[in-house]
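So the chains spell out like this:
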Amino acid sequence: MRLCPAGPVLLKCVRVCCRRGRGRVPRCVREAWGYTHLLARSLCFNSLISWDVVNDSLFEPVFWAADRLTRWFGRVFVCLVVVLTSSIVLIAYLVLLPMVIHTYAPLWIVWHLCYGHWNLVMIAFHYYKATRTSPGYPPTMKNDLPFVSFCKRCVTPKPARTHHCGICKTCILRMDHHCPWLNNCVGHFNHRYFFSFCVFLTLGCVWCSISGRNLFIDAYNAMEHFKALEVEQPGVPVKGMGLLIGIVPPEAMNGQSSYQTPPPTVTFKDKLINKSVIYMWVLTSTVAVALGGLTLWHAMLISRGETSIERHINKKERERLTKRGRFYRNPFHYGRLNNWKLFLGVEKKSHWVTRVLLPSSHAPHGDGLTWDVPLRKKEPLPV
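Predicted model only: the values in this text are computed from it and were never measured.

S.K.: Sorry, what's going on with the overall build of the protein here?
M.R.: The helix and strand tally for the protein stands at twelve helices and six strands. Within the protein, contacts between residues at least 6 apart in sequence are counted, and of these 68% link residues at least 24 apart.

The following block contains the structure:
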């Protein structure tokens, strides 16, 4: 098939027009188009492309904005925790303590005072240690430690169980997650403080919710009664004779004054006390439910020898090997009891009291860089 003689001439004209049109396109538009074209081609940079890579690339602006907001709100969340906890403590001392002293038996008063102060000390200690303790970072200098991967952002080797935190802009040893309520990452060296804080804060909220249930009901009924008294209107002047002769005062019948009901004897202090009790019970009950679920989730992860990040990784690896007819076993799972011993740092029987039930700043087991993998049925600890 032969081409038309005018074909080459027409094709040349089209090319010249395209070249002239290209020069008319603004430079900013050409740069934006080139950058967009480069991003589209980067999604197919090799044969290992997957939907996870595509989604991460598409949602990278969203992740960047979330990291910036979380970093900025970190200190706000810490101040919020301190303010809310302090408000509950003030209500307990100024409102509930006088009620407890005049209501409960001496033995119950002693128990409430001892348990409440112990719980408060444990909450304050573990929260302070969780926020001020470094989660642990891999060494940046050259060393001979074994590593499993290479961090593209930090440009440093990553030991086992180490992950990069986009908010802290560094790698964290045995990273669990970045907690905005601590304004800190939860890693190898402060994971125990974070979990203990969650446990004792949940116990304290449950204790306040259960022990203050009757006080909450009384305060709620009192507030409803106060509202009913405020809705009631005072008496109106009665004019005329009729059947009310001999009942109302003569001054009211003459129109000189009005016969009114006395104002309700409700003071500002009574309203403040009842509102404080309602506020304390609602806040502690809400935190007990929400934080209790988070605490149970982390307890399950500790029993399995996993972190929040490793839970997701192990699940995907387990599904991948299941399709191939193979079984995946977590190499850092030493058995439930041994996992708790390693996590809490329990090395002898007395440590269950001195390191678990009392404030303790002991270091966790290991350095977070290397991990021993004993047999599953072997006891790594003597207890």
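Still more to cover.
S.K.: Looking at this model, I keep getting lost on a positive patch on the surface. Mind explaining?
M.R.: On the surface, Arg68, Arg71, Arg153 and Lys169 cluster together to form a positively charged patch. Within the fold, Arg153 resides in the loop between β1 (149-151) and β2 (156-158). A relative accessible area of 59% places Arg153 in the exposed class.

S.K.: How do you make sense of unusual backbone geometry when you look at a structure like this?
M.R.: The phi torsion of most residues other than glycine is negative, and most of the peptide bonds are trans. Positive phi values are uncommon outside glycine, yet Val155 reaches one of about 55°. Mapping Val155 onto the fold places it in the loop between β1 and β2. A relative accessible area of 56% means that Val155 is categorised as exposed. The phi dihedral of Arg161 is positive, around 70°, even though this residue is not glycine. By the element assignment, Arg161 lies in the loop between β2 and β3 (163-165). Given a relative accessible area of 10%, Arg161 falls into the buried group.

S.K.: It is not clear to me how the packing of aromatic side chains should be interpreted in this structure. Could you clarify?
M.R.: The description of an aromatic ring pair rests on the distance of the ring centres and on the angle between the ring planes. Inspection of the entire model under this criterion finds 15 aromatic pairs. Considering the side-chain rings of Phe73 and Phe77, the 6.0 Å spacing of their centres and the 20° angle between planes classify their relative orientation as stacked. A residue pair is termed a helical-turn pair when its members lie 3 or 4 positions apart in one helix, as Phe73 and Phe77 do in helix α4 (residues 60-103) at four residues. By relative accessible area, which is 31% here, Phe73 ends up partly exposed. Classification of Phe77 as partly exposed rests on a relative accessible area of 23%. Relative to Trp207, the ring of Tyr115 has its centre 5.4 Å away and its plane inclined at 70°; by these criteria the two rings are edge-to-face. With a gap of 92 residues between them, Tyr115 in helix α5 (residues 106-132) and Trp207 in helix α6 (residues 191-211) connect regions that are remote in the sequence. For Trp207, a relative accessible area of 22% puts it in the partly exposed group.

S.K.: In this structure, what is going on with α6? I would like to understand it.
M.R.: The α-helix advances 3.6 residues per turn, and as a result positions three or four apart in sequence lie on the same side. With 21 residues, α6 should cover 30 Å at 1.5 Å per step; its first-to-last C-alpha distance of 30 Å lies within 8% of that length. Counting buried residues along α6, 15 of its 21 residues qualify, which places the element largely inside the surrounding structure.

S.K.: I keep staring at the side chain of Thr295 and nothing clicks. Help me out?
M.R.: Note that Thr295 resides in helix α9 (residues 268-303). The exposure class assigned to Thr295 is buried, which follows from its relative accessible area of 10%. Residue contacts for Thr295: discarding those within four places in its chain leaves Phe195, Cys198, Val199 and Thr202.

S.K.: Before we go on, may I ask you to explain the environment of Arg132 in this structure?
M.R.: Looking at the secondary structure, you find Arg132 in helix α5. According to the relative accessible area criterion, Arg132 is exposed, its value standing at 64%. Spatially, the C-alpha atoms of Arg132 and Leu182 are 8.8 Å apart, while their sequence positions differ by 50 residues.

The rules behind each value
Residues numbered from 1 in each chain as written. Predicted model: local features only at pLDDT ≥ 70, side-chain atom pairs only at ≥ 80, totals over all residues. Heavy atoms only, no water. Helix = DSSP H or I, 4+ residues; strand = E, 2+ residues; numbered from the N terminus. Contact = heavy atoms within 4.5 Å. Patch = residues over 30% accessible without salt bridge, like charges linked within 9 Å, V, L, I, M, F, W, Y side chains within 5 Å. Areas by Shrake-Rupley, 256 points an atom, 1.4 Å probe, with all protein chains shown as cover. Salt bridge = Lys/Arg side-chain N within 4 Å of Asp/Glu carboxyl O. Lys, Arg positive; Asp, Glu negative; His and termini not counted. Charge placed at Lys NZ, Arg CZ, Asp CG, Glu CD. Buried < 20%, exposed > 50% of the residue type's maximum accessible area, 1.4 Å probe, protein only. Phe/Tyr/Trp six-rings, centres within 6.5 Å; stacked < 30°, edge-to-face > 60°. Expected span 1.5 Å × (residues − 1).

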